[in-house]
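Per-entry structural report
Chain by chain, the residues:
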Amino acid sequence: MKFQPDHSDTEQEFVTLMLGDQLCGVPVNDVRDVLGDQPITVIPLAPPEIAGCLNLRGRIVTVVDVRRQLGLPPAIDQTGRMSLVAERGGELYALLVDQVVEVMRLSASRMEPPPPTLQPAWAAFSTGIYRLRKRLLVTLDVGRLLTIGGAVH
Amino acid sequence: MDELLAEFLTETNEGLAELDVALLRLERVPDDPDTLALIFRMIHTIKGTCGFLGLPRLEAVAHAGEAVLVAVRDGSIPVAAEIITLVLEALDRIKQILAGLAASGNEPAGDDTALIAALEQAGQAPAPPPACETAPTALPMAPTPPATAHTDPVPVTPTIRVQVEVLENLMTLVSELVLTRNQLLQLARGDQGTTLAAPLQLLSQITSELQAGIMKTRMQPVGTLWNKLPRMLRDLSLELGKPIELVLRGAETELDRRVLDLIRDPLTHMVRNAADHGLEQPDERRAAGKPQNGTILLTACHESGHVIIEVTDDGRGLSTERIRAKAIAQGLATEAELAGMSKSQLHRLIFRPGFSTASAVTAVSGRGVGMDVVKSNIEQMGGTINLSSTPGTGTTITIRIPLTLAIVAALVVGAGGMRFAIPQLGVVELVGLAGTGATEGAVIERIDHTRVLRLRDRLLPLASLTELLHLPPSRGDATAPVVVVIRSGTGLLGLIVDQVFDTEEIVVKPVAPILRQITLFGGTTILGDGSVIIILDPNAMARTCGISADTETRSTDAPGARGAVDQTPLLLFRAGGPHLMAVPLGLVSRIEEIARTAVEPTAGHPVTQYRGRLMPLIALANGLNENRPQQTVLVFADAARCVGLMVDEIVDVVQDRLDIELAGARRGLLGTAVLAGRAADVIDVSFWLERACTSLPGLPSL
């Protein structure tokens, strides 16, 4: 795993994103690119978490449906979906989310462990919780999100 | 490692490979001054550089070798097999030292005094006595040396050394360029009268040329691979006591260096096999009226995007008896299964894992790792392997491999509203089924719920791409469906698609690791319009449909790896009785309905006029069913013969394992098997073909 939460009082940058009503974040260092709505080629026979493939400047990127990974229902309005591009083992992956919001700088010491009552699907991917002024931010682990069907890449 | 040393190593290794070939040429044509000069120059260069780099051990061996060659050049000693053997030994020692040097950066420790002494002695003596102890053989050498290579010297053109990595990078960039060019062209197509048209045209042309040029840098003649074979065979022929003649044809045939690397081991193995298993001992050959020297012929040529390499020996051929015995001993097949196999099916058993016919394990082969590895290596790169053998005259193994793995021509097809690419190398033909594009005589027929395609002389198993990929059913607006006939090994499969769009040059990109378990995909690619599509793997699709090849009833895959693999499509029918009979669908050429009046009696048994020839008709029991105006006939055919089997009723086509449990109660029947829960007699097609066509008139009825 590339990213481990650092508990010393350093600042950490997160790309924040929306999944339904929930604000989430992934470490900015794990993100190579942010993509707008892209045509995605569906791949038959693929696991349901794989939304398909897309063409990123001549490279083929496998798209992972984060909603599906977290056990959320498909979005009602699928227009304007965005993706975060991450690299694992020399391969490019795109994390398909509802919307990418902004980059946030947060102090590592403010991160709290995820509550034990969190849904198992979320608990498996979450690394911690930040209490922001108005809402909660759930940080997600990119490496775990890219683990499909128990296979580690 | 020292850069100077690294360069020395690369150069010397290449030089040594050439030296091997040149020495063997010298052995064959001892008085060729050019070859002598070449050999001398090369070994001299090695010696000179060693001294310069401070490699005393290497220098000493090279010096001793050179001294012998000087004596040969000056004519003070004749070129004899013993001398060549000795020099080759010196080269081996040099290679050993070089290998140590490459591994550690220092000369490995070792004692060369014996070798150097032998070399010195050989260089001084007017000619070593034939029983010289340095000669490792008692084989009569003259007049023909045991292994010789009939190759012409490769002309030397100026070259520069480029790192493979640089070329690989260039290749990737050119691939991207090709894709971008395709996208630009697509954009320009929708834009009439654009000022970009002319420069775009030029760009397109230059890109194509650049692509061809870069591809060319990756091409290497297959001869670079073959260079090592004469030497290997020479050693082999001494070890086995068989004089072997090696003939190489088409060494200049070029193919992608990655492909070349991949076929190196399979090819070596095939040649070793031919020498060890294929060729007989000299006395055996003489007894069979063959020349004493066995011949191994290697040919390479291009054929429509493929390279065909054949390894032929003029040895004893494959013994089906021995294969049969071995298969049973190794538990690879049961006797009943073997009984149901044709000759070529039996031959293909040697591609099964764990199979080896060499009764004894020799140093050369017979360790049970072999042809199965060769086969899987070849198939891994999208190639096929075939074998033909005639007892007493020899064996030919043909491998067919794609020229390059990077850029391929592909057919873009549509199914379930999506597009897919099928490599054109795997496509045999397109068959239209309806509308204006319909192919004459092509009909989809249903046998129960299984669809088969009747096309000319064959019945092809059919699969729908939509169903294979679990796509949503095609919408009604899909134009007339098309059958893409794809080849897998020697088997054919008809793939039903909704549409055929176009052919396009595509750059094959590997499938993402997450998707590797979906075996149907051979890769992904980006089309001219920028969309990502999946490349289908014809071999994998055929395997999934259970027809790995019509020459194999069972796949070589490990049992349980894929459920459908062991299953064969079987045609169930009734003929002359109420009980069920079966035949593998792959063996049925056609199913014909012929008019009763077209069945003509002869003294022996009925015939019908079929495609301008008389086709014997066989009844399994009471002959003709006179009550019906039409007679259903299963036509079985091979290259020269055909026979019709009159049946009462076609019952079904089932997918099942063909496990014959009870031996045949009478001739013409292989035995009884349980197919889809019902017992059925499996008929022996080869028996009927043999029967009907050897003695047409007096054929005794059953």
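Owing to the predicted nature of the structure, the values given are computational and were not obtained by experimental measurement.

Glancing now at the overall build of chain A. A count of helices and strands for chain A gives three helices and 10 strands. Secondary structure elements of chain A occur, N-terminal to C-terminal, as β-β-β-β-β-α-β-β-β-α-β-β-α. Counting over 153 residues, chain A shows a buried share of 37%. Put simply, of all contacts in chain A between residues at least 6 apart along the chain, 58% involve residues at least 24 apart.

Here the focus is the overall build of chain B. Summing up its helical and strand segments, chain B has 18 helices and 30 strands in all. Within chain B, the fraction of its 702 residues that count as buried is 39%.

Right, let's get into the sheet that holds strand β23 (residues 607-610) of chain B. Residues and elements named next belong to chain B. Sheet architecture is open: six strands sit in the order β21-β25-β26-β24-β23-β22, paired in mixed fashion. Taken across any chain shown, the strands that pair with only one partner, and hence form the sheet edges, are β21 (590-595) and β22 (599-600). Bridge count for β22 against β23 is two bridges, and the pairing is antiparallel. When the sheet's bridge partners are listed, Glu600 is paired in β23 with Val607.

Right, let's get into the pairing of strand β4 (residues 294-303) of chain B. Residue and element names in this part refer to chain B. Relative to β4, strand β2 (residues 244-249) is paired through six bridges, and the arrangement is parallel. Within β4, the residue paired with Arg249 across the bridge is Thr299. Summarising the sheet, β4 and strand β5 (residues 306-313) pair through eight bridges and their orientation is antiparallel. Across the sheet, residue Thr299 finds its bridge partner in β5, namely Glu310.

Residues and elements named next belong to chain B. Averaged over every residue, the pLDDT of chain B is 76; the share at 70 or more is 83%. In the model, residues 127-154 has pLDDT below 50 throughout and makes 52 contacts with residues more than four positions away in sequence or in other chains. Scored below 50 in pLDDT, residues 695-702 makes 13 contacts in the model with residues more than four places away or belonging to other chains.

To continue, consider the nonpolar core. With 124 residues, the main nonpolar core has Val64 of chain A together with Val484 and Phe636 of chain B as its most contacted residues. Beyond its immediate chain neighbours, meaning those up to four positions away, Val484 of chain B contacts Leu411, Val413, Ile422, Val427, Leu430, Leu495 and Val497 of chain B.

This part covers the sheet that holds strand β6 (residues 82-88) of chain A. All names here are of chain A. In spatial order, the strands read β3-β6-β7-β5-β4; together these five strands make up an open sheet with mixed pairing. Edge positions in the sheet fall to β3 (33-35) and β4 (50-56), since each has one partner strand and no second. Sheet twist, expressed as the mean angle between neighbouring strand axes with direction ignored, is 30 degrees. Bridge count for strand β5 (residues 59-65) against strand β7 (residues 91-97) is four bridges, and the pairing is parallel. For Val63, the partnering residue across the bridge sits in β7 and is Ala94.

This next bit is on the interface of chain A and chain B. Across the contact, 18 residues belong to chain A and 21 residues belong to chain B. Counting only elements with at least two residues in the side of chain A that touches chain B, the list comes to β4 and β5 of chain A. Element by element, the count of residues in the side of chain A that touches chain B is highest for β4 of chain A, at four residues. Split by residue class, the side of chain A that touches chain B holds 12 nonpolar, five polar and one charged.

On to the packing of helix α3 (residues 56-73) of chain B against helix α4 (residues 81-104) of chain B, then. Residues and elements named next belong to chain B. Contact pair α3 / α4: the axes reach a minimum separation of 10 Å and the direction vectors enclose 160 degrees. As the angle between them shows, α3 and α4 are arranged roughly antiparallel. The element α3 and its partner α4 pack so that their crossing is left-handed. Together, Arg57, Leu58, Val61, Ala62, Ala64, Gly65, Val68, Leu69 and Val72 of α3 and Ile83, Leu86, Val87, Ala90, Arg93, Ile94 and Ile97 of α4 make up the contact between the two elements. Considered class by class, the residues forming the contact of α3 with α4 number 13 nonpolar, one polar and two charged.

All names here are of chain B. One can describe the packing of helix α2 (residues 33-53) onto α3 by two numbers: an axis separation of 9 Å at closest approach and a directional angle of 155 degrees. On the basis of their axis angle, the class for α2 and α3 is roughly antiparallel. Taken as a pair, α2 and α3 cross one another with a handedness that is left-handed. Together, Leu36, Ile39, Phe40, Ile43, His44, Ile46, Lys47, Cys50 and Gly51 of α2 and Leu58, Glu59, Ala62, His63, Gly65, Glu66, Leu69, Val72 and Arg73 of α3 make up the contact between the two elements. Within the contact of α2 with α3, the residues separate by chemical class into 10 nonpolar, four polar and four charged.

Residue and element names in this part refer to chain B. Across four bridges, β23 lies against strand β24 (residues 613-619) in antiparallel orientation. Within β24, the residue paired with Tyr610 across the bridge is Arg613. Turn length for the β23-β24 hairpin, with the two strands adjacent in sequence and antiparallel, is two residues, and the turn residue Arg611 shows positive phi of about 50 degrees.

Glancing now at helix α9 (residues 228-240) of chain B. Residues and elements named next belong to chain B. The end-to-end C-alpha distance of α9, which contains 13 residues, comes to 18 Å, matching closely the 18 Å that a straight helix rising 1.5 Å per residue would cover. Check the buried side of α9 and you find it contacts α1 (3-28), α8 (223-226), β2, α10 (257-278) and β4. One or two positions beyond α9, positive phi appears at Gly241, with a value near 70 degrees.

Okay, α3 of chain B next. All names here are of chain B. Here α3 contains 18 residues, and its C-alpha end-to-end distance of 25 Å stays within 8% of the 26 Å for a straight helix at 1.5 Å per residue. Contacts made by the buried residues of α3 are with α2, α4 and α5 (113-124). Remark: Gly75 follows α3 within two positions and exhibits a positive phi of approximately 80 degrees.

This paragraph deals with the environment of Leu56 of chain A. Residues and elements named next belong to chain A. Turning to its location among the elements, Leu56 is positioned in strand β4. Residues Leu56 and Gln38 lie 18 residues apart in sequence; the distance between their C-alpha atoms is 9.3 Å. Other than its neighbours up to four places away in sequence, Leu56 contacts Val61, Val85 and Leu92.

With that settled, the discussion passes to unusual backbone geometry. Peptide bonds are trans in most cases, and residues, glycine excluded, mostly fall at negative phi. Phi is positive for Leu45 of chain A, which is not a glycine, with a value near 65 degrees. You can see Leu45 of chain A is positioned in the loop between β3 and β4. Take Leu45 of chain A: there are 16 C-beta atoms within 10 Å of it, and that puts it in the partly exposed class. The phi dihedral of His470 of chain B falls on the positive side, at around 50 degrees, and the residue is not glycine.

All right, on to the environment of Asp235 of chain B then. Residues and elements named next belong to chain B. Here Asp235 lies in helix α9. The class of Asp235 is partly exposed, set by 17 C-beta atoms lying within 10 Å. The spacing of Asp235 and Thr85 is 150 residues in sequence and 9.2 Å in space, taken between C-alpha atoms.

Each value, and the rule that gives it
- Residues numbered from 1 in each chain as written.
- Chains lettered and ligands numbered in written order.
- Predicted model: local features only at pLDDT ≥ 70, side-chain atom pairs only at ≥ 80, totals over all residues.
- Helix = DSSP H or I, 4+ residues; strand = E, 2+ residues; numbered from the N terminus.
- Buried ≥ 20, exposed ≤ 12 C-beta atoms within 10 Å, placed from the backbone.
- Contact = placed C-beta atoms within 7 Å.
- Pairing = 2+ DSSP bridges.
- pLDDT = per-residue confidence, 0-100.
- Core = buried A, V, L, I, M, F, W, Y, C linked by C-beta atoms within 7 Å.
- Axes fitted to C-alpha atoms, helices over the stretch in contact; angles between N-to-C directions.
- Nonpolar A, V, L, I, M, F, W, Y, C, P; charged D, E, K, R; others polar.
- Parallel < 35°, antiparallel > 145°, perpendicular 65-115°, else oblique.
- Left-handed = near helix turned anticlockwise from the far one by under 90°.
- Expected span 1.5 Å × (residues − 1).

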